[in-house]
Amino acid sequence: MKVYFRTIKDLPVDEYYGPGQLTCAGCGPSIAVRWLLKAAGPDVIVVNATGCIEVTTTSYPYTAWSVPYLHVAFENSAAAASGVESALRVLRRKGILDTKAKVMVIAGDGGTYDIGLQSLSGMLERGHGVLYVLYDNEAYMNTGIQRSGGTPHFAWTTTSPVGSKLKGKVQRKKDIMSIVIGHHIPYAATANIAYPIDLANKVKTALDYLVEGPAFIHVLAPCPPGWRYPEEMTVEIARLATETGYFPLYEWDHGRIRFNPPSNAHFDKSRRKPIIEYLKRQGRFAHLTEEDIKEIEKEIDEYWDYLARLAKAFG
Amino acid sequence: MKQLTWKDLPIGGIIIEPGNARRNITGTWRTERPVIDQDACIRCRICWMYCPEPAILELDKPYVTKSGKKYDVTYEVDYDHCKGCGICAHECPVKAIKMVSEVTG
Ligand SMILES: Cc1ncc(C[n+]2csc(CCOP(=O)(O)OP(=O)(O)O)c2C)c(N)n1
Ligand code: SF4
Ligand code: SF4
Ligand code: SF4
Ligand SMILES: [Mg+2]
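**Q** Would you mind going over the overall build of chain A with me for this structure?
**A** Looking only at helices and strands, chain A has 11 helices and eight strands in total. Against the compact-globule benchmark of 20 Å for 315 residues, chain A has a radius of gyration of 19 Å, which places it among compact chains. With respect to the three principal axes, the spread of C-alpha positions in chain A is 65 × 45 × 40 Å. Relative to its 315 residues, chain A shows a buried fraction of 57%. Taking contacts inside chain A between residues at least 6 apart in sequence as the whole, the part at least 24 apart equals 70%. About 12200 Å² of surface is accessible on chain A, with carbon and sulfur atoms providing 56% of the total. Counting 36 positive and 34 negative side-chain charges, chain A places the centres of these two groups 3 Å from one another.

Here it is in structure tokens:
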């Protein structure tokens, strides 16, 4: 990642998103999108998948976007973006349009891990110069909290209920970064709304690489009603996700893997905060027993083991 | 709001005014409002950085604190759009923002 913004004082002033969108108070995805656009600047065309961000920003005849914006459907944002990018390329080649505009997809976890995975994979395979951003609130929130491939193990949702037989989601969270990296694209990174400087630098870096091919950013973005916590905790919970090692910050940059602070210190488990600090603040995990928490801890350790092997092979 | 008819709309139903959602006065949703203590505020920009709306305004407005410290900027709340989530107050490192009830305070 190139460093465009070193400190909080370097962050850009201009806004291209909001206010007036109908997101809930304390919406994590709203913080994500605000910083995606601030980092990208005015020369960007957004293609948005159906989901909370799309529904809350486009209550006709209003738009919360100050850049060109296209919404097609839930499952095909990457396909639509491929079309926009190809059209721009042809218009430039024919000298009809002189524009540096970049194309950015913004899609939720439902729209990425599950229903839009085929169109994402196709876009990555064909090599379109599009930045695809997944904002991950770990469930289908807009339709009332249904589990997705991005929902973590043991999390309560309306379709992974808690009762005498079930304790939330049965399966683990899909490793979307590994799926994306498997397409051997120039750049993929994780980011977190609690670290906007890191996020903004990754967006700028990714946009610069689009001349070579696709880029992908996976942003963790907590949701107060879906994760069951009071609104003011959004950033604190997001920060804990990284500090506990649940959501590490790292980049795949031209075949090399690099861990960003604070995650670069987290191969040493003693440097990670206990996972309970993250879990206990969220109602979706309120049913967990000590044993369940141990199991989550074990899964995180295994994940770090896997990351350590990746770092060794590609560091 | 006046109901628009098809004759009022641009071809394709596109929206041609960028960011016109700011006419949604989401500040009416609020049950608590953030109040910034300008003398305690150290101008660190953290509330501005984390507000989801955004509803923290960074203004080129000089301010001299009671203890004589001079600042070039002032952070103020856009109460037309602030939803009262409390993230700014929770994240402020010097607790310069208080959440005050819209009903009793
Ligand atoms: C093909 C299709 N199936 C279902 C829906 C209904 N739907 C609209 S938004 C949504 C949830 C989106 O979830 P996600 O992508 O995680 O975004 P979030 O709402 O969480 O931001 C669903 C299921 C739809 N619009 N289109
Ligand atoms: S449900 Fe969650 S993601 Fe959707 S608008 Fe509300 S806070 Fe944001
Ligand atoms: S209370 Fe929430 S919406 Fe209002 S200014 Fe603070 S962070 Fe922004
Ligand atoms: S977070 Fe607190 S100290 Fe920092 S600018 Fe905002 S009010 Fe001032
Ligand atoms: Mg979601």
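**Q** I would appreciate a short explanation of the overall build of chain B in the present structure.
**A** The helix and strand inventory of chain B stands at two helices and six strands. When the elements of chain B are put in sequence order from the N terminus, they spell out β-α-β-β-β-β-α-β. Relative to the globule expectation of 13 Å for 105 residues, the C-alpha radius of gyration of chain B, 18 Å, shows a markedly less compact shape. When the backbone C-alpha atoms are referred to their principal axes, chain B occupies close to 60 × 35 × 20 Å. Counting only residues that meet the buried cut, chain B has 40% of its 105 residues in that class. Put simply, of all contacts in chain B between residues at least 6 apart along the chain, 65% involve residues at least 24 apart. Here chain B displays about 6200 Å² of accessible surface, and carbon together with sulfur accounts for 58% of that area. Across chain B, the mean location of the 15 positive side-chain charges is 1 Å away from that of the 14 negative side-chain charges.

**Q** Hey, could you run me through the site of ligand 2 in this one?
**A** Close to ligand 2 lie Thr23(A), Cys24(A), Cys27(A), Pro29(A), Cys52(A), Asn137(A), Met141(A), Cys223(A), Pro224(A) and Pro225(A), which account for all nearby residues. Grouping the amino acids of the shell around ligand 2 by side-chain chemistry returns eight nonpolar, two polar and no charged.

**Q** Before we go on, may I ask you to explain the coordination of the magnesium ion (ligand 5) in this structure?
**A** A metal bound by six donors in octahedral fashion has ideal angles of 90 or 180 degrees, whereas one bound by four tetrahedral donors has an ideal angle of 109.5 degrees. Residues and elements named next belong to chain A. Surrounding the magnesium ion (ligand 5) are the protein donor atoms Asp-109 (OD), Asn-137 (OD1) and Ala-139 (O), at 2.0 to 2.1 Å. Here the donor residues for the magnesium ion (ligand 5) map to a single chain with the spacing D-x27-N-x1-A. There is no split in this pair, since Asn-137 and Ala-139 are both buried.

**Q** Which parts of the structure should I look at to understand the interface of chain A and chain B?
**A** Many analyses report the size of an interface as the accessible area lost when the parts associate. Contacts between the two partners involve 41 residues from chain A and, on the opposite side, 36 residues from chain B. Summing both sides of the interface, chain A and chain B together bury roughly 3200 Å²; the carbon and sulfur share of this comes to 58%. Three residues stand out in chain A for area buried against chain B, namely Pro19(A), Tyr60(A) and Tyr62(A), and they jointly supply 23% of the buried area on that side. Between Arg239(A) and Glu91(B) there is a salt bridge whose closest N-O contact spans 2.7 Å. Our count for the contact surface shared by chain A and chain B stands at 23 residue pairs in polar contact (both at pLDDT 80 or more). Elements that contribute at least two residues to the side of chain A that touches chain B include exactly α1 (28–40) and α9 (234–243) of chain A. With five residues, α1(A) is the largest single contributor of residues to the side of chain A that touches chain B. Looking at side-chain class alone, the side of chain A that touches chain B contains 22 nonpolar, 10 polar and nine charged residues.

**Q** Looking at this structure, how should I read the site of ligand 4?
**A** Around ligand 4 sit Ile36(B), Cys41(B), Ile42(B), Arg43(B), Cys44(B), Arg45(B), Cys47(B), Tyr75(B), Cys92(B), Pro93(B), Val94(B) and Ile97(B), and those are all the residues in its vicinity. Split by residue class, the shell around ligand 4 holds 10 nonpolar, no polar and two charged.

**Q** I keep staring at the pairing of strand β3 (residues 102–107) of chain A and nothing clicks. Help me out?
**A** When a strand is regular, its side chains alternate between the sheet's two faces. Residue and element names in this part refer to chain A. With respect to burial, β3 is a largely interior element, five of its six residues being buried. As defined by bridge partners, strand β1 (residues 44–48) adjoins β3 across five bridges and the pair is classed as parallel. Of the residues in β3, the one forming a bridge with Ile-45 is Val-103. The pairing of β3 with strand β4 (residues 130–136) spans five bridges and is classified as parallel. Bridge pairing links Ala-107 to Leu-134 in β4.

**Q** Quick question: what am I supposed to make of the packing of aromatic side chains here?
**A** Aromatic ring pairs are described here by two measures, namely the spacing of the ring centres and the angle between the planes. Enumeration over the complete set of coordinates arrives at 12 aromatic pairs over all chains. An angle of 25° between the planes, with centres 4.7 Å apart, marks the rings of Trp65(A) and Tyr69(A) as stacked. Between Trp252(A) and Phe314(A) the ring centres are 5.4 Å apart and the planes differ by 75°, which places this aromatic pair in the edge-to-face class. Of this pair, Trp252(A) sits in strand β7 (residues 250–253) while Phe314(A) sits in helix α11 (residues 290–314), and the two are 62 residues apart along the sequence. Trp252(A) sits in the buried class, given a relative accessible area of 8%. Here the aromatic residues Tyr250(A), Phe259(A), Phe267(A) and Trp304(A) are joined through ring pairs into a cluster of three or more. Stacked on the ring of Trp48(B), the Lys or Arg Arg34(A) has its end atom at 5.4 Å from the ring centre.

**Q** What am I meant to see in the pattern of salt bridges here?
**A** Between side chains of opposite charge, pairing is possible as soon as their charged atoms come close. For the coordinates displayed, the defined rule picks out 29 salt bridges over all chains. Here Asp301(A) makes a salt bridge to Arg272(A), at a shortest N to O gap of 2.8 Å. One end of the pair, Asp301(A), is in helix α11; the other, Arg272(A), is in the loop between β8 (256–259) and α10 (276–279), and 29 residues separate them in sequence. Judged by its relative accessible area of 25%, Asp301(A) is partly exposed. Of the charged contacts, one joins Glu76(B) and Lys61(B) as a salt bridge, the two residues approaching to 2.4 Å between their closest N and O atoms.

Quick notes on the rules
- Residues numbered from 1 in each chain as written.
- Chains lettered and ligands numbered in written order.
- Predicted model: local features only at pLDDT ≥ 70, side-chain atom pairs only at ≥ 80, totals over all residues.
- Heavy atoms only, no water.
- Helix = DSSP H or I, 4+ residues; strand = E, 2+ residues; numbered from the N terminus.
- Rg over C-alpha atoms; globule rule 2.2 N^0.38 Å.
- Buried < 20%, exposed > 50% of the residue type's maximum accessible area, 1.4 Å probe, protein only.
- Contact = heavy atoms within 4.5 Å.
- Areas by Shrake-Rupley, 256 points an atom, 1.4 Å probe, with all protein chains shown as cover.
- Lys, Arg positive; Asp, Glu negative; His and termini not counted.
- Charge placed at Lys NZ, Arg CZ, Asp CG, Glu CD.
- Near = heavy atom within 4 Å.
- Nonpolar A, V, L, I, M, F, W, Y, C, P; charged D, E, K, R; others polar.
- Donors = N, O, S within 2.8 Å, 3.2 Å for Na, K, Ca; no water.
- Buried area = accessible area lost by both parts, 1.4 Å probe.
- Salt bridge = Lys/Arg side-chain N within 4 Å of Asp/Glu carboxyl O.
- Polar contact = N/O pair within 3.5 Å; in protein donor to acceptor, adjacent residues only side chain to side chain.
- Pairing = 2+ DSSP bridges.
- Phe/Tyr/Trp six-rings, centres within 6.5 Å; stacked < 30°, edge-to-face > 60°.
- Lys NZ or Arg CZ within 6 Å of the ring centre and 35° of its normal.

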